[in-house]
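# Observations on the three-dimensional arrangement
This is what each chain is made of:
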Amino acid sequence: MPEIRIRKKLILIEEIFHEGGPVTATPQRRGAALAVIHNPYAGAYVENIADFMEDLNPLGLSMAQSLLAALGGNPSVIEGYGKGAIVGASGEIEHGALWHVPGGYAMRELLGGAKAIVPSTKKVGAPGARLDVPVTHKNASYVRSHFDAMEVGINDAPRADEILLALVMTTGPRIHARVGGLKASEIKGEDGLR
Amino acid sequence: MKAKIRKIAVFLEETLTEMDRPVDPPTRRAAAAAVIENPCAGKYVEDLSELMDIGEELGELLTQKAVAALGIPGNAAESYGKAAAVGENGELEHAAAVLHPKLGTPVRRVLGKGAALIPSSKKRGACGVSLDIPLGHKDAAFVRSHFDGMEVRINDAPRANEIVVAIAVTDSGRPLPRVGGLSKSQIKGEDGLR
């Protein structure tokens, strides 16, 4: 099993007070935890890569823990989540797909009983590439107020033989959400969708 | 508070390896950035004292946020820097008014010391523009291991009538410094230079 070699980590926390409308008493907070790791499969086609998912589990959990701590440490205030990966130029998009299971596992484990699928995106990119990580409500994917996204990236990553991994959590709806749809207060919470 | 803040973003970056060599302890740096309304946007304003007062407020707020992200007492900080990006309806002089006259005093108060000039950069730009915040040792500007820079950006700022103001604080220098010069153990700390 390849070991996880971490070059750097970044925590990014945004507090949003308004966006031209009324200033909220409680700002919406969005946070991202990023880790830049060596891609053990860079440079050649490797058929069997799936075992690496299990190796990534502890890193995913520690990223989720760091992110939750930076957002105050209380899992019940986390309402939205998302994940993503940018694979350096000597890797394949399939290497980014290795993050689906460990990234999702990490946040579900920590947030306790989150029902919705963790929305995700990924791409191959150069250092400084930006990723718009999609965000949806953790218990019901169709909650329209929580459809969101957070742009993340690191100026010097991913290098060609690296993967940048990202987890995102939010504490509430878009700051001036007002386009209708399913509300968080209407969640049935049975199927992770509504 | 005079500053009308739309959002605040805090970045915490840790470097654990560089070229596969461990960085032990990891180098850590934090930046806090506020997106504020530019009260002087869209017209020529002779007296920029309102922006200077805003700079004083942000000097304290952003330094506290950066130090809190690092989880260190203020006097354990090693280097610092500041920068601002003015939206397209503002002048470069607005960035100067925020950064130069009054921002430094509260920064130094939070950090306990800071004999050296706070290195700075400024620019005008659109949403998502990157700021390269220059970094230098806070007590002796010539400490070569601490000459550095930290890139930050916020995808949705500055809008035309906004300013992004950022302060970076570190508890370390570059990851693997080896180009000689004055080292931090040689600081006399009398003139802010050596």
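Residues numbered from 1 in each chain as written. Chains lettered and ligands numbered in written order. Predicted model: local features only at pLDDT ≥ 70, side-chain atom pairs only at ≥ 80, totals over all residues.

Moving on, we get to the pairing of strand β5 (residues 131-137) of chain A. Residues and elements named next belong to chain A. Burial runs high along β5: five of the seven residues are buried. As defined by bridge partners, β5 adjoins strand β6 (residues 148-152) across five bridges and the pair is classed as antiparallel. Paired with Leu131 across the strands is Val152, a residue of β6. (Buried ≥ 20, exposed ≤ 12 C-beta atoms within 10 Å, placed from the backbone. Helix = DSSP H or I, 4+ residues; strand = E, 2+ residues; numbered from the N terminus. Pairing = 2+ DSSP bridges.)

On to the nonpolar core, then. All names here are of chain B. In this structure, Ala31 and Ala166 are the most contacted members of the largest nonpolar core, which totals 100 residues. At eight residues, helix α1 (residues 49-70) tops the list of elements feeding residues into this core. Among residues more than four places away in sequence, those in contact with Ala166 are Ala31, Ala32, Ala33, Lys82, Ala83, Leu131, Ile133 and Val152. (Core = buried A, V, L, I, M, F, W, Y, C linked by C-beta atoms within 7 Å. Contact = placed C-beta atoms within 7 Å.)

Here the focus is the confidence of the model for chain B. Chain-level pLDDT for chain B is 96 on average; 100% of the residues reach the 70-or-more range. For this predicted complex, the interface confidence reaches an ipTM of 0.83, while the overall pTM sits at 0.89. (pLDDT = per-residue confidence, 0-100.)

Now for helix α1 (residues 52-70) of chain A. Owing to its 3.6 residues per turn, the α-helix brings residues three or four apart onto one side. Residue and element names in this part refer to chain A. The terminal C-alpha atoms of α1 lie 27 Å apart, and with 19 residues this matches the ideal 27 Å at 1.5 Å per residue to within 8%. Along α1, the largest kink reaches about 30° and is centred on Pro58. Regarding α1, the residues found buried are Phe52, Leu56, Gly60, Met63, Ala64, Leu67 and Leu68. Where the residues of α1 are buried, they touch β1 (6-16), β2 (28-38), α3 (100-111) and β7 (162-170). Following α1 by one or two positions, Gly72 has its phi on the positive side, about 110°. (Expected span 1.5 Å × (residues − 1). Bend = angle between axes of the 7 residues up to and from the residue.)

A few words on unusual backbone geometry. Cis peptide bonds are those with omega within 30 degrees of zero, and the linkage from A:Ala157 to A:Pro158 qualifies with 0°. Structurally, A:Pro158 can be placed in the loop between β6 and β7. Here the bond from B:Ala157 into B:Pro158 is cis, since omega is 0°, no more than 30 degrees from zero. By the element assignment, B:Pro158 lies in the loop between β6 (148-153) and β7 (162-170). Residue B:Met19 is not a glycine yet carries a positive backbone phi of 50°. Relative to the helices and strands, B:Met19 resides in the loop between β1 (5-18) and β2 (21-37). Judged by C-beta crowding, with 7 C-beta atoms within 10 Å, B:Met19 ranks as exposed. Of note in the backbone geometry, B:Asp20 takes a positive phi value of approximately 70° without being a glycine. Turning to its location among the elements, B:Asp20 is positioned in the loop between β1 and β2.

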